[in-house]
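Examining the three-dimensional arrangement
For reference, the chains in residue letters:
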Amino acid sequence: MNLRVRIRALLTAIVIAVALTACAKHTPTATPGTPVSTEQQIYADLVTAQAAIEGFRDKIGTFPKIKPQLNEVIASYNLAEAAFEDYEKTKSNPAELAKLPGMINDLKLKITSVETGLGQTMTQPAAAVH
Amino acid sequence: MDSLIPTPTPNESPLSEALLLIQSSAQLAALVAPLTGPAAPEVAAGAAVAAAVIGIIQHALTVHQQALGMPLDLSQLHQIAPVV
């Protein structure tokens with residue numbers, strides 16, 4: 001195979017790879033600026049917190065110092081998640097929904113506290129701390 | 001290299017902003033680590049931690065945007081056991 005054919009094959013492969021990557025990344029996302037309902041926002045926050053918690057859980061060996069803060073985040077998440085599921089079962093009690101933004105705010109505060117532990121780990125990793 | 005400035009995302013919530021804050025700290029740490037001196041093991045370890053944090057947060061923020069655009073699916077939510 002001569003050089004020109006090889007380059008053409010390589011370019012074709014790159015174009016196909018880029019196109020496949022673009023297709024794979026096409027997932028439904030919110031339109032910027034579009035208002036969402038309280039329920040949708042709470043659901044998104046819970047799913048997001050769950051993804052972050054599970055990410056940190058899976059790699060807890062990388063940042064063992066954050067375990068206490070992470071467990072506080074988990075406790076706060078579990079309360080909010082249970083309350084949201086309770087509300088969604090009947091949707092009959094708006095007071096239950098009204099409590100959830102406060103619970104999400106508590107979850108946010110707990111997540112913020114993780115940042116402190118992570119900051120220490122990133123600047124003084126376990127290997128360097130005695 | 002990931003941008004130091006968090007990418008603005010639509011419909012940010014206080015929770016996603018808290019995650020962006022963590023991501024910014026990690027990005028800053030990743031940026032500064034190589035500048036703090038020779039490539040000592042602790043510097044490399046700190047950069048590795050920062051990279052792991054950035055990956056986790058980016059995934060969570062992607063999940064956030066997807067969740068805002070999808071119908072509610074309670075089967076996606078579950079209780080999480082504490083770390084022991």
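Anything mentioned here points back to the structure above.
Numbering of residues starts from 1 in each chain and follows the order in which that chain's sequence is written. Written order decides the labels, with chains lettered from A and ligands numbered from 1. Residue-level local features of this predicted model are given only where pLDDT is at least 70; pairs of side-chain atoms are given and counted only at 80 or more, and the full residue set underlies all totals for whole chains, interfaces and linings. With hydrogens and water excluded, all non-hydrogen atoms of the structure serve as input to the side-chain values.

**Quick notes on the pattern of salt bridges**
All names here are of chain A. We define a salt bridge as a side-chain nitrogen of Lys or Arg found within 4 Å of a carboxyl oxygen belonging to Asp or Glu. Per the stated rule, a full pass over the model turns up 4 salt bridges over all chains. The salt bridge partner of Asp86 is Lys89, with a shortest N-O separation of 3.5 Å. Note that Asp86 and Lys89 are positioned in helix α3 (residues 67–90) at a spacing of 3 residues, about one turn of the helix. Of the residues examined, Asp86 reaches a relative accessible area of 39% and is grouped as partly exposed. Here the salt bridges do not stand alone but share partners, grouping Glu39, Glu88 and Lys91 into one network. We count a stretch as a helix when DSSP gives it H or I for four or more residues in a row; a strand needs E for two or more, and each element gets its number in order from the N terminus. For the exposure calls, accessible area comes from a 1.4 Å probe over protein chains only, and a residue counts as buried if that area is under 20% of its type's maximum, exposed if over 50%, partly exposed in between.

**Considering the interface of chain B and chain A**
Contacts between the two partners involve 44 residues from chain B, matched on the other side by 53 residues from chain A. Between chain B and chain A, a total of about 4,400 Å² is buried, with carbon and sulfur atoms accounting for 71% of that surface. For the pair chain B and chain A, the interface holds 0 salt bridges. Identification of polar contacts relies on pairs of N or O atoms within 3.5 Å, with a donor-acceptor requirement for protein atoms, meaning one able to donate a hydrogen and the other able to accept it, and with residues adjacent in sequence counted only if both atoms are side-chain atoms. Taken together, the connections running from chain B to chain A amount to 18 residue pairs in polar contact (both at pLDDT 80 or more). Going through the elements one at a time, α1 (14–32) and α2 (41–68) of chain B are the ones with two or more residues in the side of chain B that touches chain A. Residues are grouped as follows: Ala, Val, Leu, Ile, Met, Phe, Trp, Tyr, Cys and Pro are nonpolar; Asp, Glu, Lys and Arg are charged; every other residue, Gly included, is polar. Of the residues assigned to the side of chain B that touches chain A, the class counts are 30 nonpolar, 12 polar and 2 charged. Contact between two residues is taken to exist if any of their heavy atoms lie within 4.5 Å; hydrogens are not considered. Two parts placed together each lose some accessible area under a 1.4 Å probe, and adding up what both lose gives the buried area.

**Let's talk about the side chain of Asp45(A)**
In this fold, Asp45(A) is placed in helix α2 (residues 38–58). Asp and Glu count as negative and Lys and Arg as positive, but His and the ends of the chain are not part of the count. Buried charge Asp45(A) goes without a salt bridge, the closest partner of opposite sign being Lys108(A) at 10 Å. At 3.3 Å, the side chain of Asp45(A) and the side chain of His64(B) are in polar contact. Discounting residues that sit within four places of it in the chain, Asp45(A) has contacts with Ile104(A), Ser13(B), Leu15(B) and His64(B).

**Things to note about the environment of Ala50(B)**
If you trace the backbone, Ala50(B) turns up in helix α2. With relative accessibility at 0%, the residue Ala50(B) sits in the buried group. Note: C-alpha distance between Ala50(B) and Ile22(B) (28 residues apart in sequence) is 9.8 Å. In this structure, Ala50(B) is in contact with Met122(A), Ala26(B), Ala29(B) and Ala30(B), ignoring residues within four places of it in sequence.

**Considerations on a nonpolar patch on the surface**
All names here are of chain B. Residues Leu28, Leu31 and Val32 make up a contiguous nonpolar surface patch of about 220 Å² in total accessible area. As for its position among the elements, Val32 is in helix α1. Residue Val32 is classed as partly exposed on the basis of its relative accessible area, which comes to 37%. Exposure above 30% relative accessible area and no salt bridge define the residues that can form patches, which grow by joining like charges within 9 Å and nonpolar side chains of Val, Leu, Ile, Met, Phe, Trp and Tyr within 5 Å. Only the protein chains shown count as cover for residues, and the accessible areas themselves come from Shrake-Rupley with a 1.4 Å probe.

These values are about where atoms sit, not about what they do.
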